[in-house]
Amino acid sequence: MPNVAFINGAFMPLAEAKVSIEDRGFQFGDGIYEVIRTYKGRPFAIEAHLARLDRSALALSLTQPYSRAEWADHVMEGIRRAAYPEAKVYIQITRGVAPRDHAYSDEVTPTVVMTVREFHPLDRSVQAAGVEAMTIEDIRWGRCDIKSVNLLANVLARQQVKQAQVFEAILVNAGLVTEGAISNVMVVQGGTVVTAPEGPRILPGVTRAVVLDLALSEGLPIQERFVSQADLYEADEVFLTGTTVEVLAVVRIDGKVIGDGRPGPITQRLAAGFTSRVG
Ligand code: PLP
């Protein structure tokens, strides 16, 4: 079967999947999502992703139509039907279909969508060399902890990244680094791994939590605090974490070389540790 879609309980080919133009996800971005990838055909950290989906739903008073066990069944079934070597599962819940009005009624039934596509991991040579990033002003709203489909600021940032031919945008809010447009950002300062604290300014990344746990278990000191844009350029190492990027060294930011311009020892250690955790 090619790319698989699931809408409100039914599986179908992606090309046949449709939702109403009156869906509030389409009209207002009134919805939430998750992205889960597989390793050796198994979804990684599915419990953490489904827990975050529940948290996002709760934050928007969105009725979560399935229990975690039901979601896990649907995800496994989608992966089985798509039958790719590795898959990327996208889950979206929007408030549902209703005549356009900003305020909503509790009667609306959520629209539930899942797609399963082939996942192509990053080229090993990109992992080995590290990537370039650019800083962009963080113009997002005040609840970045909710994984909302309202992604306009991220869309604009990623388009700038594409035009600049770099890999990721590092978002800066009032001089402080928050996260990437599609990843969390960590820096290494004198052997300590530092990353922005959980809270309304960042998405609590599933990979971020795994990597912080890994750092602790390796005896590396960690600090959850904001670093300034100036500290970012001066860091010994900078890396990104995320479902699609895993642990990825950033070796140049805004044209400035980070450390010695190659993935640093702590980044390499955490990347290797991460690989063994997912395998
Ligand atoms: N921050 C943002 C803004 C993201 O969009 C993502 C992933 O899509 C992440 C962080 C990383 O989160 P995770 O590790 O759960 O994929």
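Residues numbered from 1 in each chain as written. Predicted model: local features only at pLDDT ≥ 70, side-chain atom pairs only at ≥ 80, totals over all residues. Heavy atoms only, no water.

### Details of the domain arrangement of the protein
Applied cut-off: Each domain's extent was defined by an automatic or database domain assignment. Pairs of residues are marked as contacts when any of their non-hydrogen atoms sit within 4.5 Å. A pair is scored as a salt bridge if a Lys or Arg side-chain nitrogen falls within 4 Å of a carboxyl oxygen belonging to Asp or Glu.
Considered domain by domain, the protein is made up of domain 1 (4-118) and domain 2 (124-278). Taking the mean C-alpha position of each, domain 1 and domain 2 sit 26 Å from one another. Residue-level contacts link 23 residues of domain 1 with 18 residues of domain 2. Where domain 1 packs against domain 2, one counts 1 salt bridge.

### Considerations on the pairing of strand β1 (residues 4-7)
Rules: In this scheme, a residue with accessible area under 20% of its type's maximum is buried, one over 50% is exposed, and one in between is partly exposed, where area comes from a 1.4 Å probe on protein chains only. Going along the chain from the N terminus, every DSSP run of H or I of four or more residues is numbered as a helix, and every run of E of two or more is numbered as a strand. Following DSSP output, two strands are said to pair if at least two bridges run between them.
Judged by which residues are buried, β1 turns out to be covered on both faces: V4 and F6 on one side and A5 and I7 on the other are all buried. Both β1 and strand β6 (residues 111-118) contribute to a ladder of 4 bridges, which runs antiparallel. Across the sheet, the residue bridging to F6 is M114, located in β6. Where β1 and strand β2 (residues 10-13) come together, 4 bridges link them in antiparallel fashion. Note on β2: the bridge partner recorded for I7 is A10.

### Description of the nonpolar core
Counted only if it meets this: Residues belong to one nonpolar core when they are buried, are Ala, Val, Leu, Ile, Met, Phe, Trp, Tyr or Cys, and are joined through side-chain atoms within 4.5 Å.
Grouped together as the largest cluster of nonpolar side chains are 24 residues, with contacts concentrated most on I32, L53, W71, V75, V89, I91 and M114. Those elements that place two or more of their residues in this core are β1, β3 (31-39), α2 (46-59), α3 (68-82), β5 (87-94) and β6. Ignoring anything within four residues of it in the chain, the contact list for I32 reads L53, S56, A57, L60, L62, I91, Q92, I93, I146, K147, S148 and V149.

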